[in-house]
There are 2 protein chains.
Amino acid sequence: MEVVRALYRLSVGEDRVAERAETLALEQTVELPRSCIRYSRIEREVVGRVGAIEPDPRDGFRVEIRYPVETTALDPAQLLTVLLGNASLQEDVALLDVELPPSLREALGGPRFGIDGVRRAAGVEGRPLTCVALKPMGSTAEELAALCGTFARAGIDVVKDDHGIADTPACPLEARVRACVAAIDRAADATGRRTLYAPNVVGPPAAVRRQVERARELGAGAVLAAPLVLGLPAFWELGSTAGIPVLAHPALGGASRLALPLLLGTLLRLYGADAVVFPHAGGRFPFGHELCHELADRMRRPWQGIRAALPVPAGGMSVERVGEMVSFYGDDAMLLVGGTLYEAGDGLEARTRLFVERVRAAAAREPGRTGL
Amino acid sequence: MEVVRALYRLSVGEDRVAERAETLALEQTVELPRSCIRYSRIEREVVGRVGAIEPDPRDGFRVEIRYPVETTALDPAQLLTVLLGNASLQEDVALLDVELPPSLREALGGPRFGIDGVRRAAGVEGRPLTCVALKPMGSTAEELAALCGTFARAGIDVVKDDHGIADTPACPLEARVRACVAAIDRAADATGRRTLYAPNVVGPPAAVRRQVERARELGAGAVLAAPLVLGLPAFWELGSTAGIPVLAHPALGGASRLALPLLLGTLLRLYGADAVVFPHAGGRFPFGHELCHELADRMRRPWQGIRAALPVPAGGMSVERVGEMVSFYGDDAMLLVGGTLYEAGDGLEARTRLFVERVRAAAAREPGRTGL
């Protein structure tokens, strides 16, 4: 069986590390306690397996977990989910490294051009390439093209846009590429060498697709994009269809510097989530009551012209906590009970019915409350 | 002028906070020292402005920066770049909150259904909704549909897939939705109430688009997706085209738990970056020589069947450091010099030419070295 080997740092003590590794392997695959897995096939072929556990020189332990490759669906997005999806919300876990089996490496494929392709596109061998950025954001296409010409005449191999330069009315991508390519052409007539231009592409997938196509048609020999801004799966798709080399910019590489109230409470609403799942306090994620309160408030409070998003507290919730949660969140919430229902085994339907009835009963006791 | 107000925590002392706030405002917009901005229009209309600075109860200071809305291009991806792109790599910055002007709120739009729409889709008013997850990953469509029927008979309002359930040969989305919707229909005949089913969608944008379309056509009344896995801009596009409510899952919400060597050195290569920009040691980002060494090594070392990606050290580099960088990285690198070239003002072409010549000279001194 092909496996993905993931190496984590678990910041826990020696007495807890084996158990913690086991819960991590379950969290990232079945999201159920081992006792709730009904089929031995799933235990054998789906659940992550804990491998070597060694002290980490920095903190806690280094733990290898082996995931059957099928859990990743050989998909660029699903791989992220398996490697770090829920665990990214748990403060004692860091993903340090990953080793992929051939099938997954082949499915993702890596660079379509790589070092050799970039060298060919820039016409440079046997020495490091040189590269500069067109700056600043807010310049017109003509201003950027003038700089581009300057750099091309000076013999730079690759000129890229600053990653903050977007496709705007004041400096549309199309005008920018036309003007910069023309400036490079003029310089090439003089110097005999042609500088490679990589305009920045940024936006939702459809916009990025259009930008890449236009850039390529107009003579850009490469593009620049920020994978963590676009999302790694969207970046993967960009690369698989671009037809020219893709330079990656590290912007947003330290994304957790987005405060959780902002990220889960505000940005997901702004980006169109109709309902947002998040861990309720007291479950298996370190979300306190104060954070949950703020998350629900940010999702529901009036915000000029933008609909409210439905808070969906979840994460280790149980039927026993329904009353508390209804009081805490009020009516405009969706209570999500996960693994604990499955602990009922054959009593699943009855336990579920109890959950449903408790919500109705709790809501009837305090009609119309808004929670929080 | 409409502005985006961003609230940051800067973990610095009182003596440095004003200067640090100014460099942040420049970093997130023009990426140039103020002295290198050639046009007053750009200083007036593009550069972020530092607003109120107040002590933060937790650490350092809370600093408001106001960005002209034009810097965001009214685009879901570009907004992230402006708010936290480069700053996310700087350890003393955290983005705490953001306030948007009407034009940007309108452009992004927020939830298409929101609380009311989810309530309508589920047929629930005046009490919290109930929701459960179909588990575990690795189950067949029939096994999940049996669970779905159980939950529907028990009166659950919303049944969602676990966020780890992908579109796989063993459990294709289409078969899953068909079977679960059929199970819900049978339960509805018995109970008179119809449970809402939200299958999980995951993948690169084109795959997600197909999955959402098929799910909707086959009777799923909503979908589940993990915005931080798909990328926020791709998630935004999903919501704008889905036609049914979208539930968001918080997976990967703490993404910086991805170690930087893995994220920038390995994952970007795996996801198809032909060249990867990253801050070289000694610039304005806290990347040490050891980390830079590891990044370049991960991008270039043989990795069965996957092309090497070209390391592009950047970030506050100068012409003076060319020799050092060529020795450090060797030939297979692209040296990216940014803002410091612009400090030459009208001497830009000459300074650039010097950069080009120094790279050629340094490479000629030690031909064929591989660096590291």
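As the structure is a computational prediction, the values presented were derived from the model and not from experiment. (Residues numbered from 1 in each chain as written. Chains lettered and ligands numbered in written order. Predicted model: local features only at pLDDT ≥ 70, side-chain atom pairs only at ≥ 80, totals over all residues. Heavy atoms only, no water.)

**Student:** Which residues make up the overall build of chain A, and what are the values?
**Tutor:** When its secondary structure is counted, chain A shows 15 helices and 12 strands. The buried share of chain A, taken over its 372 residues, is 65%. A separation of at least 24 residues holds for 68% of the contacts in chain A among residues at least 6 apart in sequence. A total accessible area of about 12,800 Å² is found for chain A, and carbon and sulfur atoms account for 49% of it. Across chain A, 43 positive and 47 negative side-chain charges occur, with their mean positions spaced 3 Å apart. (Helix = DSSP H or I, 4+ residues; strand = E, 2+ residues; numbered from the N terminus. Buried < 20%, exposed > 50% of the residue type's maximum accessible area, 1.4 Å probe, protein only. Contact = heavy atoms within 4.5 Å. Areas by Shrake-Rupley, 256 points an atom, 1.4 Å probe, with all protein chains shown as cover. Lys, Arg positive; Asp, Glu negative; His and termini not counted. Charge placed at Lys NZ, Arg CZ, Asp CG, Glu CD.)

**Student:** Any chance you could break down the interface of chain B and chain A for me, citing the residues and the numbers?
**Tutor:** With 162 residues of chain B in contact, the opposing surface of chain A contributes 162 residues. Both sides together, the interface formed by chain B and chain A hides about 13,800 Å², and carbon and sulfur atoms give 64% of it. A salt bridge links Glu 143 of chain B to Arg 41 of chain A; the shortest N-O distance between them is 2.7 Å. Counting across the interface, chain B meets chain A through 46 residue pairs in polar contact (both at pLDDT 80 or more). Sorting elements by how many residues they give to the side of chain B that touches chain A places helix H15 (residues 348–365) of chain B first, with 9 residues. Pairing geometry for strand E10 (residues 275–279) of chain A and strand E9 (residues 246–248) of chain B, over 2 bridges, is parallel. Residue pairing in the sheet places Ala 275 of chain A in a bridge with Leu 247 of chain B of E9 of chain B. (Buried area = accessible area lost by both parts, 1.4 Å probe. Salt bridge = Lys/Arg side-chain N within 4 Å of Asp/Glu carboxyl O. Polar contact = N/O pair within 3.5 Å; in protein donor to acceptor, adjacent residues only side chain to side chain. Pairing = 2+ DSSP bridges.)

**Student:** Could you give an account of the packing of aromatic side chains, naming the residues involved and the relevant values?
**Tutor:** Residues and elements named next belong to chain A. Under the defined criterion, the tally for this structure stands at 4 aromatic pairs over all chains. Between Phe 278 and Tyr 329 the ring centres are 6.0 Å apart and the planes differ by 65 degrees, which places this aromatic pair in the edge-to-face class. Taken together, the residues span a long stretch of sequence, with Phe 278 in strand E10 and Tyr 329 in helix H13 (residues 322–329) at a distance of 51 residues. Summarising the burial analysis for this pair, Phe 278 and Tyr 329 share the class buried. Relative to Tyr 329, the ring of Phe 328 has its centre 4.8 Å away and its plane inclined at 75 degrees; by these criteria the two rings are edge-to-face. Tyr 329 gets classed as buried once you look at its relative accessible area, which sits at 0%. An aromatic cluster is defined as three or more aromatic residues linked by ring pairs; in this entry it consists of Phe 278, Phe 328 and Tyr 329. (Phe/Tyr/Trp six-rings, centres within 6.5 Å; stacked < 30°, edge-to-face > 60°.)

**Student:** How would you explain unusual backbone geometry if you had to name every residue and give the values?
**Tutor:** A cis geometry characterises the amide bond from Lys 135 of chain A onward to Pro 136 of chain A, with omega recorded as -15 degrees. Mapped onto the fold, Pro 136 of chain A is located in the loop between strand E5 (129–134) and helix H6 (141–153). Unlike most non-glycine residues, Leu 74 of chain A shows phi in positive territory, near 50 degrees. By the secondary structure assignment, Leu 74 of chain A is in the loop between strand E3 (61–68) and helix H3 (76–84). Positive phi is not limited to glycine here, since Glu 31 of chain B has a value of about 50 degrees. If you trace the backbone, Glu 31 of chain B turns up in the loop between helix H1 (17–27) and helix H2 (40–45). A relative accessible area of 10% means that Glu 31 of chain B is categorised as buried.

**Student:** How would you summarise the relation of the copies chain B and chain A if you had to cite specific residues and measurements?
**Tutor:** One chain copy maps onto the other through a rotation about an axis and a shift parallel to that axis. When chain B is fitted to chain A, the best match, at an RMSD of 0.0 Å, comes from turning it 180 degrees and sliding it 0.0 Å along the axis. With respect to symmetry, the two chain copies, as superposed, fit the operation of a two-fold axis. It is Gly 231 of chain B whose C-alpha, among those of chain B, lies nearest the rotation axis, at 1.7 Å. In this assembly the copies share their binding face: 100% of the residues contributing to the interface of chain B also contribute to that of chain A. (Least-squares fit on C-alpha atoms with pLDDT ≥ 70 in both.)

**Student:** How would you sum up the confidence of the model for chain A? Please name residues and give values.
**Tutor:** Close inspection of predicted coordinates is inappropriate for parts of the model with low pLDDT. Model confidence for chain A is summarised by a mean pLDDT of 87, while 95% of its residues fall at 70 or above. Reported confidences for the modelled complex are a pTM of 0.84 and an ipTM of 0.84. (pLDDT = per-residue confidence, 0-100.)

**Student:** Lay out the packing of H13 of chain A against helix H15 (residues 348–365) of chain A with the relevant residues and their values.
**Tutor:** If you want to describe how two helices pack, look at the angle between their axes and the distance between the axes. All names here are of chain A. Between H13 and H15, whose axes approach to 9 Å, the crossing angle comes to 45 degrees. Compared by their axis directions, H13 and H15 come out oblique. Crossing hand, H13 versus H15: right-handed. Contact residues: Val 322, Gly 323 and Val 326 in H13; Phe 355, Arg 358, Val 359, Ala 362 and Ala 363 in H15. A per-class count over the contact of H13 with H15 returns 6 nonpolar, 1 polar and 1 charged. (Axes fitted to C-alpha atoms, helices over the stretch in contact; angles between N-to-C directions. Parallel < 35°, antiparallel > 145°, perpendicular 65-115°, else oblique. Left-handed = near helix turned anticlockwise from the far one by under 90°. Nonpolar A, V, L, I, M, F, W, Y, C, P; charged D, E, K, R; others polar.)

**Student:** Residue-level account of the state of the cysteines, with values.
**Tutor:** Residues and elements named next belong to chain B. On inspection of all chains with the given rule, the structure shows 0 disulfides over all chains. Free of any disulfide, Cys 131 has its nearest neighbouring cysteine sulfur in Cys 148, separated by 11 Å. Cys 131 sits in the buried class, given a relative accessible area of 0%. (Disulfide = S-S within 2.5 Å.)

**Student:** Give a detailed account of the sheet that holds strand E12 (residues 334–337) of chain A, specifying residues and quantitative values.
**Tutor:** Hydrogen bonds along the backbone pair up the strands of a sheet, which may run parallel or antiparallel. Reading across from one edge, E12(A)-E5(B)-E6(B)-E7(B) is the order of the 4 strands in this open sheet, with parallel pairing throughout. Strand pairing shows two members of the sheet lacking a second neighbour, E12 of chain A together with strand E7 (196–198) of chain B, which therefore form its edges. The sheet shows a mean angle of 25 degrees between the axes of neighbouring strands, direction not considered. Bridge count between E12 of chain A and strand E5 (residues 129–134) of chain B: 4 bridges; the pairing is parallel.

**Student:** Residues and numbers for the pattern of salt bridges, please.
**Tutor:** This structure, assessed with the given rule, holds 51 salt bridges over all chains. Measuring nitrogen to oxygen at the nearest pair gives 2.7 Å for the salt bridge that ties Glu 43 of chain B to Arg 34 of chain B. One salt bridge in this structure joins Arg 353 of chain B and Glu 349 of chain B, with 2.7 Å as the shortest N-O distance. Note that Arg 353 of chain B and Glu 349 of chain B are positioned in helix H15 at a spacing of 4 residues, about one turn of the helix. One network of salt bridges, with partners in common, ties together Glu 174, Arg 178, Arg 214 and Glu 217 of chain A.

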